[in-house]
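The lines below spell out each chain.
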Amino acid sequence: EVDALIAALDARITALEPPAVGDLYQGGVVFYILEEGDTDYVAGETHGLIAAVADQGSGIQWYNGSFQTTEATGTAVGTGSANTDAIISAQGLEISSYAAGLAKAYAATITDFEIFTGGYTVWFLPSKDELNLMYSNIGQGSLLGNIGNFDDDYYWSSTEHDYSNAWYMHFDAELAFMAFNVKYYPANVRAVRAF
């Protein structure tokens, strides 16, 4: 009964004022609102991307132990989910042992996902451009400050560079950069979801 009341209140608040970058919303922090030209943009509706409120892991490899091409090459906003699915399809079912699998399994890996994720279960590893937007809009590069509570560390994207490398980003207030590195390099994972 309490969950139904909270959901009803959330729906009423959303109807009054759409979410904005930096808002706590649907299990995380809004870091991007879709714009005309973005995949899944609908005129007159508010849709965007949400980052989980904490990292799902650190020291995590991008791959599941074997070098292979996964076809997860999407870089743009709206491609992270498809990349994640492609990686998991190629890398196998041990989904919590590598970056994309850990992001996808986010809601299932915590004891009470209702509290932490708001009951939202469709999470994925962000694409290269989505990861950059997290840094710029709610990370150390944001005018709002590091409201996403990111570490000064490396974060994996779901974008594959080639057979043995994938893209990641160094989140740091003074020296942020996007680069690719070997898939066994240990980095952080932050799950995202679309709304």
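To keep things clear, this report deals only with the structure shown in the data block.

## A short note on the side chain of Arg193
Next up, step 1: Secondary-structure assignment places Arg193 in strand S9 (residues 192-194).
Next up, step 2: According to the relative accessible area criterion, Arg193 is buried, its value standing at 8%.
Next up, step 3: Here Arg193 is in contact with Gln26, Gly48, Leu49, Ile50, Tyr120, Val122, Trp123 and Phe124, once residues within four sequence places are set aside.

## Focus: the packing of aromatic side chains
Next up, step 1: Tallied over the full model, the rule gives 15 aromatic pairs.
Next up, step 2: On the basis of an interplanar angle of 70° and a centroid distance of 6.1 Å, the ring pair of Tyr154 and Phe177 is categorised as edge-to-face. You can see Tyr154 sitting in strand S5 (residues 154-160) and its partner Phe177 sitting in strand S7 (residues 177-182), a full 23 residues away along the chain.
Next up, step 3: Grouping aromatic residues by their ring pairs yields a cluster made of Tyr154, Trp156, Tyr168, Phe177 and Tyr185.
Next up, step 4: We note Lys128 situated over the ring of Trp167; from NZ or CZ to the ring centre the distance is 3.6 Å.

## Quick look at the sheet that holds strand S3 (residues 48-51)
Strand pairs in the sheet, formed through backbone hydrogen bonds, run parallel or antiparallel to each other.
Next up, step 1: Taken in spatial order, the four strands of this open sheet run S1-S2-S3-S9, and their pairing is antiparallel. In this open sheet, the two edge strands, each paired with only one partner strand, are strand S1 (24-25) and S9.
Next up, step 2: Across two bridges, S1 lies against strand S2 (residues 28-33) in antiparallel orientation. Bridging across to S2, Leu24 finds its partner in Val29.

## Side note on unusual backbone geometry
Next up, step 1: For Gln26, which is not glycine, the phi torsion reads 45° and is therefore positive.
Next up, step 2: Relative to the helices and strands, Gln26 resides in the loop between S1 and S2.
Next up, step 3: For Asn149, which is not glycine, the phi dihedral falls at a positive 55°.
Next up, step 4: Within the secondary structure, Asn149 is located in the loop between helix H5 (128-138) and S5.
Next up, step 5: The exposure class assigned to Asn149 is exposed, which follows from its relative accessible area of 56%.

Basis of the calculations
- Residues numbered from 1 in each chain as written.
- Predicted model: local features only at pLDDT ≥ 70, side-chain atom pairs only at ≥ 80, totals over all residues.
- Heavy atoms only, no water.
- Helix = DSSP H or I, 4+ residues; strand = E, 2+ residues; numbered from the N terminus.
- Buried < 20%, exposed > 50% of the residue type's maximum accessible area, 1.4 Å probe, protein only.
- Contact = heavy atoms within 4.5 Å.
- Phe/Tyr/Trp six-rings, centres within 6.5 Å; stacked < 30°, edge-to-face > 60°.
- Lys NZ or Arg CZ within 6 Å of the ring centre and 35° of its normal.
- Pairing = 2+ DSSP bridges.

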